[in-house]
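# Examination of the molecular architecture
If you want the building blocks of each chain, they are given just below.
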Amino acid sequence: MSLEKKEYIKYGNYDILFDKYTIILNYNNNNLKYIIDNNYYNYKQFSKMKFSNTNKLFFKFDFSEKYLELSEADYIMQIIKKTKKIVKKNKINIGITEEGKTIVANIIRGKSDYELNIITAIGVFLCNDYKKKCEFVYDEICNYLDEKVVNRNVCGFENNKCIAKRNKNCSTGCCNHFKNKYFGVLYQRKLYPCKYLIDKRCTAKCLTCKMHMCDYIIKKTGIKFTTKNILPLKYYFNPIQKFILKVEYFTPRDKTLKKLMFFDF
């Protein structure tokens, strides 16, 4: 499941007139503030305010002036998640209506990959139930990892061989496992290609596999994915769900999602 970003986000310079009831969560040059009727508030002040059913929330983020680092992105994710609780409690409307479509945000992109995590957090506002939210976050993390790794060929594939196994007789990279994929490493020696690898393409959309970086790549590039630096995973899944996503290798999307939703609490 994936929300159509063109439906709820306007990218680039976007002129709009806001009325006095619009709550703008504004980010510019590492400065995150709420703007209401041309007055500025921090989160502590905002959380104590009273709202009416005429209020509506809009996100206005400009990432073009300063590179978004992990620590700053982490802080923004915290505020967005807290804001969602306030919005839900006070029944604040989301976005503005334009030509029959709800526009939730205006974003000017910069060069940081962490901006994609912020966009995911905004998308969560449009998920009306937990199942939809779980599917959306899972798919967005997969898309994020594909952008970071697959689209940039971080594994250095040439002639169907990754850089770590260029001189070995292996054309499946990390896509192989012991017959018993959980305990086979303790007593089995033979590896089998993943059954979801069809015509050299993964058909499982397995988030756990996408997170995996072999020791060679970690040492060579420094790229390593954890539950702390993939921010949607950090903020939208509980500890049991995070554990599932650490160990659920070679498992198709739908099976993993069922487990994640079963352990929702």
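Structure report, in brief. Numbering of residues starts from 1 in each chain and follows the order in which that chain's sequence is written. For a predicted model such as this one, the threshold for reporting local features is a pLDDT of at least 70, and the threshold for listing and counting side-chain atom pairs is 80 or more; totals across whole chains, interfaces and linings nevertheless cover every residue. Computation of side-chain values: all heavy atoms of the structure, hydrogens and water removed.

### Things to note about the overall build of the chain
Here a helix means four or more residues in a row that DSSP labels H or I, a strand means two or more in a row labelled E, and each is numbered from the N terminus. The number of helices and strands found in the chain is 11 helices and 13 strands. Considered along the principal axes of its C-alpha atoms, the chain spans approximately 65 × 40 × 35 Å. When each of the 265 residues of the chain is scored for burial, the buried share is 43%. Here, two residues are considered to be in contact whenever any of their heavy atoms come within 4.5 Å of each other. Sequence separation of at least 24 residues holds for 67% of the intrachain contacts in the chain that already meet a minimum separation of 6. Carbon and sulfur atoms provide 50% of the accessible area of the chain, an area that totals close to 15500 Å². In this tally, Asp and Glu contribute negative charge and Lys and Arg positive charge; neither His nor the terminal groups of the chain are included. Think of each charge as sitting on NZ of Lys, CZ of Arg, CG of Asp or CD of Glu. The averaged location of the 26 negative side-chain charges in the chain is 9 Å from the averaged location of its 50 positive side-chain charges. Only protein chains enter the calculation, and the probe is 1.4 Å; a residue is then buried if its accessible area is under 20% of its type maximum, exposed if over 50%, and partly exposed in between. Using a 1.4 Å probe, accessible areas were evaluated by the Shrake-Rupley method; residue-level cover was limited to the displayed protein chains.

### Topic: the packing of aromatic side chains
A ring pair, where both rings are aromatic, is described by two values, the distance of the centres and the angle of the planes. For Phe, Tyr and Trp, where Trp contributes only its six-membered ring, two rings pair if their centres lie within 6.5 Å, and the inter-plane angle classes them as stacked under 30 degrees, edge-to-face over 60, or tilted in between. This model, assessed by the stated rule, comprises 10 aromatic pairs. Plain terms: the ring middles of Y27 and F61 are 6.1 Å apart, the flat faces sit at 85 degrees to each other, and that makes the pair edge-to-face. Taken together, the residues Y27 in strand β2 (residues 22-28) and F61 in strand β5 (residues 56-62) connect sequence positions 34 residues apart. Classification of F61 by relative accessible area gives buried; the value is 1%.

### What to know about a nonpolar patch on the surface
Note on patches: the residues involved have over 30% relative accessible area and no salt bridge, like charges join within 9 Å, and the nonpolar side chains Val, Leu, Ile, Met, Phe, Trp and Tyr join within 5 Å. Whenever a carboxyl oxygen of Asp or Glu lies within 4 Å of a side-chain nitrogen of Lys or Arg, that contact is scored as a salt bridge. A contiguous nonpolar patch, built from I240, F262 and F263 and spanning about 300 Å² of accessible area, is present on the exposed surface. Among the secondary structure elements, F262 is positioned in helix α11 (residues 253-262). A relative accessible area of 65% places F262 in the exposed class.

### Details of the pattern of salt bridges
Think of it this way: side chains of opposite charge can pair up when their charged atoms draw near. Tallied over the entire structure, the rule returns 14 salt bridges. A salt bridge links K56 to D19, with the shortest nitrogen-to-oxygen separation between them at 2.7 Å. Of this pair, K56 sits in strand β5 while D19 is found in the loop between β1 (9-11) and β2, placing the two residues 37 residues apart along the sequence. With a relative accessible area of 17%, K56 lands in the buried category. On the accessibility criterion, D19 (35% relative accessible area) is partly exposed. A salt bridge links E158 to R166, with the shortest nitrogen-to-oxygen separation between them at 3.7 Å.

### Here's the deal with the layout of surface pockets
Empty space within the second largest pocket amounts to approximately 450 Å³. Along its surface, the second largest pocket is lined by 15 residues, and K84, K85, K88, C127 and K133 are the ones closest to its centre. Those elements that provide at least two residues to the lining of the second largest pocket are α3 (70-90), α5 (130-150) and α9 (231-236). Looking at the lining of the second largest pocket residue by residue, the class counts come to eight nonpolar, one polar and six charged. Grid points spaced at 1 Å over the protein atoms alone were grouped into cavities, where a 1.4 Å probe fits but cannot get out, and pockets, open sets with protein on both sides within 12 Å along at least five of seven lines, with lining residues defined by an atom within 4 Å of a point. Grid points are joined across faces, edges and corners, and a volume is the space filled by probe spheres set on the points. The residue classification treats Ala, Val, Leu, Ile, Met, Phe, Trp, Tyr, Cys and Pro as nonpolar and Asp, Glu, Lys and Arg as charged. All others, Gly included, are polar.

### Concerning unusual backbone geometry
One non-glycine residue, D37, lies in the positive phi region at around 50 degrees. Following the sequence through the fold, D37 ends up in the loop between β3 (31-36) and β4 (39-41). According to the relative accessible area criterion, D37 is partly exposed, its value standing at 45%. The backbone phi angle of K205 is positive, close to 50 degrees, even though this residue is not glycine.

### Details of α3
In this scheme, a helix's expected span is set at 1.5 Å multiplied by one less than its residue total. Along its 21 residues, α3 runs 30 Å from first to last C-alpha, staying within 8% of the 30 Å computed at 1.5 Å per residue. Among the residues making up α3, those that are buried are E72, A73, D74, I76, M77, I79, I80, T83, I86 and V87. Backbone geometry just downstream of α3 places K91 in the positive-phi region, at approximately 55 degrees.

### Re the packing of helix α4 (residues 114-124) against α5
Geometry is summarised by axes, namely lines fitted to C-alpha atoms with helices restricted to the contacting stretch, and by angles between N-to-C directions that run from 0 to 180 degrees. Contact geometry for α4 and α5: axes closest at 10 Å, N-to-C directions at 165 degrees. In this view, α4 runs roughly antiparallel relative to α5, as classed from their interaxial angle. Note on packing geometry: the crossing formed by α4 with α5 is right-handed. Counting all contacts with α4, which are made through Y114, L116, N117, T120, G123 and V124, the residues of α5 involved are K133, F136, V137, E140, Y144 and E147. Broken down by class, the residue content of the contact of α4 with α5 amounts to six nonpolar, three polar and three charged. Should an angle fall under 35 degrees it is taken as roughly parallel, and over 145 as roughly antiparallel, whereas 65 to 115 is taken as roughly perpendicular and any remaining angle as oblique. Working rule for handedness: look at the near helix, and if it is turned counterclockwise from the far one by less than a right angle, call the crossing left-handed; if clockwise, right-handed.

### What to know about the state of the cysteines
The criterion for a disulfide is a pair of cysteine sulfur atoms lying within 2.5 Å. Across all of its chains, the model carries zero disulfides by this definition. C206 supplies the cysteine sulfur nearest to C142, a cysteine that is in no disulfide, at a spacing of 7.9 Å.

### Focus: the side chain of T251
The topology assignment puts T251 in the loop between α10 (239-247) and α11. On the accessibility criterion, T251 (5% relative accessible area) is buried. Polar contacts, as counted here, are pairs of nitrogen or oxygen atoms within 3.5 Å of one another; within protein the pair requires one atom able to donate a hydrogen and one able to accept it, and residues that are adjacent in sequence qualify only if both atoms are side-chain atoms. Within polar-contact distance, the side chain of T251 engages the backbone oxygen of Y249 at 2.9 Å.

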